[in-house]
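What follows is the residue order along each chain.
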Amino acid sequence: MREETYRSKPDMTVNIAGVELKNPVMTASGTFGSGMEYSEFVDLNHLGAVVTKGVANKPWEGNPTPRVAEVYGGMLNAIGLQNPGIDVFIERDLAFLKQFDTKVIVNVCGHTEEEYLEVVERLADEPVDMLEINVSCPNVKQGAIQFGQDPGCLEDITAKIKRIAKQPVIMKLTPNVTDISVMARAAEAGGADAISLINTITGMKIDIEKRRFVLANRTGGLSGPAIKPVAVRMVWQAAQAVKIPIIGMGGIASAEDAVEFMLAGASAVAVGAMNFHDPYLTQKVVDGMEQYLMRHNIQTVRELTGAVQ
Amino acid sequence: MREETYRSKPDMTVNIAGVELKNPVMTASGTFGSGMEYSEFVDLNHLGAVVTKGVANKPWEGNPTPRVAEVYGGMLNAIGLQNPGIDVFIERDLAFLKQFDTKVIVNVCGHTEEEYLEVVERLADEPVDMLEINVSCPNVKQGAIQFGQDPGCLEDITAKIKRIAKQPVIMKLTPNVTDISVMARAAEAGGADAISLINTITGMKIDIEKRRFVLANRTGGLSGPAIKPVAVRMVWQAAQAVKIPIIGMGGIASAEDAVEFMLAGASAVAVGAMNFHDPYLTQKVVDGMEQYLMRHNIQTVRELTGAVQ
Amino acid sequence: MKKKTTMTVTEIRSLAEGIFSMKLRYPEGDAPEKVLPGQFAGLYPNDPSKLLPRPISICRWEPDSGELQFVFRVAGAGTASLAAQKTGDKVDMLGILGNGYDLGKLAGKRVLLLGGGIGIPPMVELAAALNGIPGSEVKAVMGYRDSSLFLTEELKKYGNLLIATEDGSVGTKGNVLDAVRENGVTADAVCACGPMPMLRAVKKFAQEQGIPAYISLEERMACGVGACLGCITKTVKTDSHSHVRNARICTEGPVFDAEEVEI
Amino acid sequence: MKKKTTMTVTEIRSLAEGIFSMKLRYPEGDAPEKVLPGQFAGLYPNDPSKLLPRPISICRWEPDSGELQFVFRVAGAGTASLAAQKTGDKVDMLGILGNGYDLGKLAGKRVLLLGGGIGIPPMVELAAALNGIPGSEVKAVMGYRDSSLFLTEELKKYGNLLIATEDGSVGTKGNVLDAVRENGVTADAVCACGPMPMLRAVKKFAQEQGIPAYISLEERMACGVGACLGCITKTVKTDSHSHVRNARICTEGPVFDAEEVEI
Ligand SMILES: Cc1cc2nc3c(=O)[nH]c(=O)nc-3n(C[C@H](O)[C@H](O)[C@H](O)COP(=O)(O)OP(=O)(O)OC[C@H]3O[C@@H](n4cnc5c(N)ncnc54)[C@H](O)[C@@H]3O)c2cc1C
Ligand SMILES: Cc1cc2nc3c(=O)[nH]c(=O)nc-3n(C[C@H](O)[C@H](O)[C@H](O)COP(=O)(O)OP(=O)(O)OC[C@H]3O[C@@H](n4cnc5c(N)ncnc54)[C@H](O)[C@@H]3O)c2cc1C
Ligand SMILES: Cc1cc2nc3c(=O)[nH]c(=O)nc-3n(C[C@H](O)[C@H](O)[C@H](O)COP(=O)(O)O)c2cc1C
Ligand SMILES: Cc1cc2nc3c(=O)[nH]c(=O)nc-3n(C[C@H](O)[C@H](O)[C@H](O)COP(=O)(O)O)c2cc1C
Ligand code: FES
Ligand code: FES
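Residues numbered from 1 in each chain as written. Chains lettered and ligands numbered in written order. Predicted model: local features only at pLDDT ≥ 70, side-chain atom pairs only at ≥ 80, totals over all residues. Heavy atoms only, no water.

Trainee: Would you take a moment to explain the sheet that holds strand β16 (residues 255-257) of chain D for this structure?
Mentor: Note on sheets: strands pair through backbone hydrogen bonds, and any given pair is parallel or antiparallel. Residue and element names in this part refer to chain D. Across the sheet, seven strands lie side by side as β11-β10-β9-β8-β12-β13-β16; this open sheet has mixed pairing. Lying at the two open borders of the sheet, with one neighbouring strand each, are β11 (172-173) and β16. In the packing of helix α3 (residues 121-131) onto the sheet, the strands contacted are β8 (110-116), β9 (137-144) and β12 (189-193), and the crossing angle to β8 comes to about 165 degrees. Seen against the sheet, helix α6 (residues 196-209) touches β8, β12 and β13 (213-216) and runs at an angle of roughly 175 degrees to β12. (Pairing = 2+ DSSP bridges. Helix = DSSP H or I, 4+ residues; strand = E, 2+ residues; numbered from the N terminus. Contact = heavy atoms within 4.5 Å. Axes fitted to C-alpha atoms, helices over the stretch in contact; angles between N-to-C directions.)

Quick look at the structure:
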């Protein structure tokens, strides 16, 4: 019997742009620090990958507080991409992460094209498995909209990054667009090795007693279970539009949610704001996905990708 | 004492494009039928306006079932704008509504420009107070996107409708766009008397046990408390962009939520999917807003509009 | 008149694995004048993240005590939350909804009641109602998955009861129509509630027998009161409300003459 | 080690209008080795639509019974849901969080404890801890809105207690510093928790007196464990974690040397 169970254990590995992950479960950038804080709760060795908080070429102060607000079924954040800069990141956070047998994906942000490229260059010879480029940095604007909201800009910056990057490049898409498939195709056309989505949806909360914005920044990014149906739809639309692998996220709160993203077309998933609700969640998602596969007699987790009918 | 209380009762009236409403609380199109069904629960005479389910020039069958799905904090719908056509609507639904001392706003949909215009024309001499134009009809597409997702198309159809409409025209905006202020300005440029937002956000749900789409239409519109932060943000952005009045909606579940929309910049609000949770909700929102005004010693509800700081 | 009422749980117990019976009592003076068999109510889970009412058929109505009995299967998180309620807890309910069976058309007839699985509960109230009409005769045939039967004692009170089980552990092995045929049951009309394949078979059976069939349909619902147009079924003729061939299951149904719907 | 634990409510009672005391017991064997005064925990409301933990200071830690006492004000829906729990209910808790007061720096000193409103609860554990250190002396001055006092009996056990009330109904009319000045209280160090205007005044007072002030800060939190960077306070020097002038209140704080933060 034990033998039997052992042999039928499903294959949880996935391959994203040539990088083999032991399972499809990652952490969503900005919700897991650089892994250090949650390593008290989960064994990072059990995760498919740790995606770090966005890092820039120099330290960023971020926004004034309040930076976070709870809303129905989720939260708003306007951290403003506070980060210690690439030097401290490499010295401290990367060094910490390399102790673990998991893939490391560094989320990159910048105010200008040059800043993005500087970080990508600095990481070229570092022990980093992939780069995730956050093109919805709130400060990186072409007029009123961001890099990530214009297909031309997106393709352009993707191509420029690809030219110098030594690691596979994941372009992280913002959901604040009319047609996500256009953006997915732009990233693919620019040479992206993969895309990840969704980043947060812009939202707002007003304190009606004080008649003031709750966040100092006025608007913030909505994340959590409230956005899951939008995220699943966008992953599905993107999967219809491009051939490169997709990392799906947005409100994942359980292994069942993770399976839903895979069925919609994701090759891997990331757990975000719900880490704050349950610091053990990433591990539970790994375990629960494995159980789902066993219950349904599915040999490999890769079979789930895009299998919705 | 009673006198005192009576005298300090706040002024709940609002004026939208010359139409005076007894209070700012409307029903959101498609969530209240033509008022008949909910008239068992609430006295329609107490509402600012009843906004009807979308009506077209001819009867529409709508989509196959399942048409609705519950999701965390809300629901998805893909009704497909089933309606009995303008003739039956005028004869039955409008006749029913005219028995009440409330404003009647007819929501209009169509497959083509001509169909919209036909309905608007048919309503010209009917006892209708305003028209609300649903430009996110899923079947009305210019390429992959809808009328309501392209500022040029939106301005164009607004202008054409305005040319023949006898009642003030509210353009109802879809949130599935990159920049809502561009769309708000397009509607204003086309001559809209007011705008209403938000319509539903496109979402998807997958049944992971059956590995099938839950809705026959695959995608559906997300509504309910889950979308409120997005809706409030968009109302605020639109209010910064245009001078015409805004009717705010998206997840209103209480008088407090309604006040939040007013503070963000709405001149009136609509209660949608949460009618299904609480059929008495519209009345409760009217009462609760009045209480809020009294508690804060605010003379008129109009003072709330855009008062966030 | 339809209303949303805060009911009190007066009894909750498990009848079989995953099947619960729950009694809800109206507040004093709030009970409806009349409840028809086949009508249903919308029960709200006590979970602020689940907002829609769950449609559940009325299994029994006890006007004297103002209690409604519901029998339901735990199908997901909403019914699980209902099953977790305790005596004395409050449950919000939207009711009474739907049309119910037209007793006028069934009076004085030999009526075959066919219930499959979780379609069985409404048959209890129907059997009781018919039992109270002089000259009517109830012939009940109920289909279960296996030997975990439920509501059989209740049904036996009001007429003859035959049982079919999928695994053959009790009664006829097979479905309700297998039991009907095996026992040569005849009737003047048939009333059915159960899964769609069963209802299709019932429609065909009634056509063969030349008798009317009244079937209770299910669909995903949002409002439950006819406002959202979520719960339609295709009708043969243009429906008088929709003016297309769509009737609302929550309002024109859930009970339809099988000949009038396309299933 | 931080963890999320399902705790059992062993006591819940109202101390004053809108102020509740709740005791939560660890499951056998799960209790932490050490709890410092000024540390806090994240309590999760029992509401599936509210997902973030509520930061609440530890008011008392009873290692023998494995119980933590929290005293909180109902400020919104989350704390209201916590206040509605009953003895025996389960409450999920993330803990133990934050740095707490550095008792090493306070040992052997005359320590002035200043608490304002809902900043009073952590002062009880601090008073108890200092009371257990030979040579330390506790001088507590607590500020309330009016005569609905709470936790005064507990505080009196560990040292001298002065009271200020906004309406003057008990003790000094005014705030805690008015009471300090009115009574000419002197000390070697001050520990404070309360609203921001009070903390600013405390910082200034300590500067005037030339003594150190350790203040406990509040900010909206999401993770509570240092991962989200939601809860920062501006620091005078570049913070060693952030490498900008931001320290995380949930991790580097909530207790800071007043000289090190810009408030
Ligand atoms: C008129 C009518 C009468 C019914 N009577 C009974 C009864 O007496 N006993 C019983 O056990 N079940 C009955 N059902 C089915 C019952 O409504 C569902 O099992 C229940 O809604 C599932 O809710 P859930 O939250 O547990 O499941 P979930 O799958 O988590 O529910 C998600 C959503 O889908 C809806 N849903 C799921 N399954 C169904 C279904 N089969 N029909 C309609 N909506 C569904 C839910 O209401 C909810 O909105 C009836 C359905 C209808 C339409
Ligand atoms: C380190 C720390 C210790 C605290 N200790 C205590 C205590 O011992 N007793 C006590 O009564 N209160 C304490 N507070 C304040 C307490 O956290 C808030 O009153 C509580 O979170 C309000 O939650 P709610 O859901 O009732 O209110 P809501 O306003 O509905 O909460 C909405 C969101 O805002 C957050 N929030 C609201 N007010 C505050 C606040 N003042 N500080 C931080 N987050 C807030 C909530 O956690 C939640 O995420 C402390 C705060 C911090 C940061
Ligand atoms: C507090 C917080 C900080 C975030 N920081 C980043 C970031 O630095 N870079 C980035 O690409 N995304 C960032 N995100 C977005 C998440 O990675 C994720 O895309 C989004 O939250 C949706 O997933 P969720 O609903 O599971 O949280 C952040 C999200 C949160 C909640
Ligand atoms: C079942 C359903 C049907 C709807 N039908 C229409 C419609 O016919 N025309 C329209 O403009 N909006 C329609 N809407 C959108 C609502 O009017 C409203 O804009 C949206 O649901 C957001 O508000 P809410 O979150 O309060 O529901 C419909 C929404 C629902 C839930
Ligand atoms: S459920 Fe809304 S019409 Fe039937
Ligand atoms: S609350 Fe997340 S860093 Fe402090």
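Trainee: Which parts of the structure should I look at to understand the domain arrangement of chain C?
Mentor: Accessible area lost when the parts come together is the quantity often used to give the size of an interface. Residue and element names in this part refer to chain C. Domain boundaries in chain C define domain 1 (3-97) and domain 2 (103-216). Of note, the centres of domain 1 and domain 2, computed from C-alpha atoms alone, are 24 Å apart. The partner domain 2 presents 14 residues to the 14 residues of domain 1 that form the contact. It is Pro 37, Cys 59 and Arg 60 that lose the most area in domain 1 upon contact with domain 2, and together they represent 39% of the buried surface on that side. Between domain 1 and domain 2 we count one salt bridge in total. When the shortest N-O distance is used, the salt bridge between Arg 60 and Glu 125 registers 2.8 Å. At the surface where domain 1 touches domain 2, the tally comes to four residue pairs in polar contact (both at pLDDT 80 or more). Only β1 (3-16), β5 (60-62) and β6 (67-73) provide two or more residues apiece to the side of domain 1 that touches domain 2. (Domains from an automatic or database assignment. Buried area = accessible area lost by both parts, 1.4 Å probe. Salt bridge = Lys/Arg side-chain N within 4 Å of Asp/Glu carboxyl O. Polar contact = N/O pair within 3.5 Å; in protein donor to acceptor, adjacent residues only side chain to side chain.)

Trainee: Help me understand α3 of chain D, please; the structure alone is not making it clear to me.
Mentor: Turn by turn, an α-helix covers 3.6 residues, leaving residues three or four places apart pointing in a common direction. Of all 11 residues making up α3 of chain D, 10 are buried, and the element is well covered by its neighbours. Inspection of α3 of chain D places Pro 121, Pro 122, Met 123, Val 124, Glu 125, Leu 126, Ala 127, Ala 128, Ala 129 and Leu 130 of chain D among the buried residues, and these make up the whole buried set. (Buried < 20%, exposed > 50% of the residue type's maximum accessible area, 1.4 Å probe, protein only.)

Trainee: So what exactly am I meant to see when it comes to the nonpolar core here?
Mentor: Nonpolar side chains tend toward joint burial in soluble globular proteins. With 312 residues, the main nonpolar core has Ile 195 of chain A, Ile 195 of chain B, Leu 114 of chain C together with Leu 114 of chain D as its most contacted residues. Grouped together as the second largest cluster of nonpolar side chains are 33 residues, Tyr 101, Leu 130, Tyr 158 and Tyr 214 of chain D included. (Core = buried A, V, L, I, M, F, W, Y, C linked by side-chain atoms within 4.5 Å.)

Trainee: Can you help me understand the packing of helix α7 (residues 255-264) of chain B against helix α9 (residues 281-295) of chain B in this one?
Mentor: Packed helices, taken two at a time, are described by their axes: the angle between them and the distance between them. Residues and elements named next belong to chain B. Relative orientation of the contacting elements α7 and α9 amounts to 65 degrees, with a least axis distance of 8 Å. Taken together, the axis directions place α7 and α9 in an arrangement best described as roughly perpendicular. Taken as a pair, α7 and α9 cross one another with a handedness that is right-handed. Contact residues: Ala 255, Ala 258, Val 259, Met 262 and Leu 263 in α7; Lys 284, Val 285, Gly 288, Met 289 and Tyr 292 in α9. Taken together, the residues of the contact of α7 with α9 sort by class into eight nonpolar, one polar and one charged. (Parallel < 35°, antiparallel > 145°, perpendicular 65-115°, else oblique. Left-handed = near helix turned anticlockwise from the far one by under 90°. Nonpolar A, V, L, I, M, F, W, Y, C, P; charged D, E, K, R; others polar.)

Trainee: Is there a simple way to explain the pattern of salt bridges in this structure?
Mentor: When their charged atoms lie close together, side chains carrying opposite charge are able to pair. On inspection of all chains with the given rule, the structure shows 56 salt bridges over all chains. Across the pair Glu 40 of chain A and Lys 2 of chain D runs a salt bridge whose closest N-O atoms are separated by 3.8 Å. One end of the pair, Glu 40 of chain A, is in the loop between β3 (25-27) and β4 (49-51); the other, Lys 2 of chain D, is in the segment before β1 (3-16), on a second chain. For Lys 2 of chain D, a relative accessible area of 14% gives the class buried. Taken together, the salt bridges that share partners define one network made up of Glu 11, Arg 13, Lys 23 and Glu 62 of chain C.

Trainee: Hey, could you run me through the site of ligand 1 in this one?
Mentor: Around ligand 1 lies a shell of 19 residues, among which Pro 55, Arg 73, Thr 79, Ile 118 and Glu 218 of chain C are the nearest. More than one chain lines the surroundings of ligand 1; the residues nearby belong to chains B and C. Between an oxygen atom of ligand 1 and a main-chain N or O atom of Pro 55 of chain C, the distance comes to 2.6 Å. Measuring from an oxygen atom of ligand 1, one finds a side-chain N or O atom of Arg 220 of chain C at 3.0 Å. For ligand 1, whose unbound accessible area comes to 820 Å², protein coverage reaches 87%. Secondary-structure elements contributing two or more residues to the shell around ligand 1 are β4 (54-57), β6 and α1 (77-83) of chain C. Here the element with the most residues in the shell around ligand 1 is β4 of chain C; it accounts for four residues. Classifying every residue of the shell around ligand 1 gives nine nonpolar, four polar and six charged. (Near = heavy atom within 4 Å. Areas by Shrake-Rupley, 256 points an atom, 1.4 Å probe, with all protein chains shown as cover.)

Trainee: Is there a simple way to think about the interface of chain A and chain B in this case?
Mentor: Facing the 44 residues of chain A at the interface are 44 residues of chain B. Where chain A abuts chain B, roughly 4,000 Å² becomes buried across the two surfaces, and 66% of that area is made up of carbon and sulfur atoms. The largest share of the area that chain A buries against chain B comes from Thr 178, Ile 208 and Arg 211 of chain A, three residues that together contribute 18% of it. There are two salt bridges connecting chain A and chain B. With its nearest N and O atoms 3.0 Å apart, the salt bridge here joins Glu 209 of chain A to Arg 295 of chain B. Linking chain A with chain B are 21 residue pairs in polar contact (both at pLDDT 80 or more). Going through the elements one at a time, β13 (201-204), β15 (212-213), β16 (219-223), α6 (228-241), α7 (255-264) and α9 (281-295) of chain A are the ones with two or more residues in the side of chain A that touches chain B. Along the lines of polarity and charge, the residues of the side of chain A that touches chain B split into 25 nonpolar, nine polar and 10 charged.

Trainee: What's the story with helix α3 (residues 113-122) of chain A in this structure? I'm lost.
Mentor: When α3 of chain A is considered as a whole, its buried residues turn out to be Glu 113, Glu 115, Tyr 116, Leu 117, Val 119 and Val 120 of chain A. Each element contacted by the buried residues of α3 of chain A is listed here: α2 (86-97), β7 (103-108), β8 (130-134) and α4 (151-164) of chain A.

Trainee: What am I meant to see in the packing of α6 of chain A against α7 of chain A here?
Mentor: Residues and elements named next belong to chain A. It is at 8 Å that the axes of α6 and α7 come closest, and there the two elements cross at 25 degrees. Judged on the interaxial angle alone, α7 and α6 are roughly parallel. In this structure, α6 uses Lys 228, Ala 231, Val 232, Val 235, Trp 236 and Ala 239 to contact α7, whose residues at the interface are Asp 257, Glu 260, Phe 261 and Ala 264. Broken down by class, the residue content of the contact of α6 with α7 amounts to seven nonpolar, no polar and three charged.

Trainee: I'm lost on the site of ligand 2 in this one. Help?
Mentor: Around ligand 2, the structure places 19 residues, and the nearest of them are Pro 55, Arg 73, Thr 79, Ile 118 and Glu 218 of chain D. Positioned at a junction of chains, ligand 2 has nearby residues supplied by chains A and D. Here an oxygen atom of ligand 2 sits 2.9 Å away from a polar atom, N or O, in the main chain of Gly 76 of chain D. Contact distances for ligand 2 include 3.0 Å between an oxygen atom and a side-chain N or O atom of Arg 220 of chain D. Protein contacts shield 87% of the accessible area of ligand 2, which totals 830 Å² for the unbound molecule. Of all elements in the fold, only β4 (54-57), β6 (67-73) and α1 (77-83) of chain D reach the threshold of two or more residues within the shell around ligand 2. Looking at which element gives the most residues to the shell around ligand 2, the answer is β4 of chain D, with four residues. For the shell around ligand 2, a count of residues per class yields nine nonpolar, four polar and six charged.

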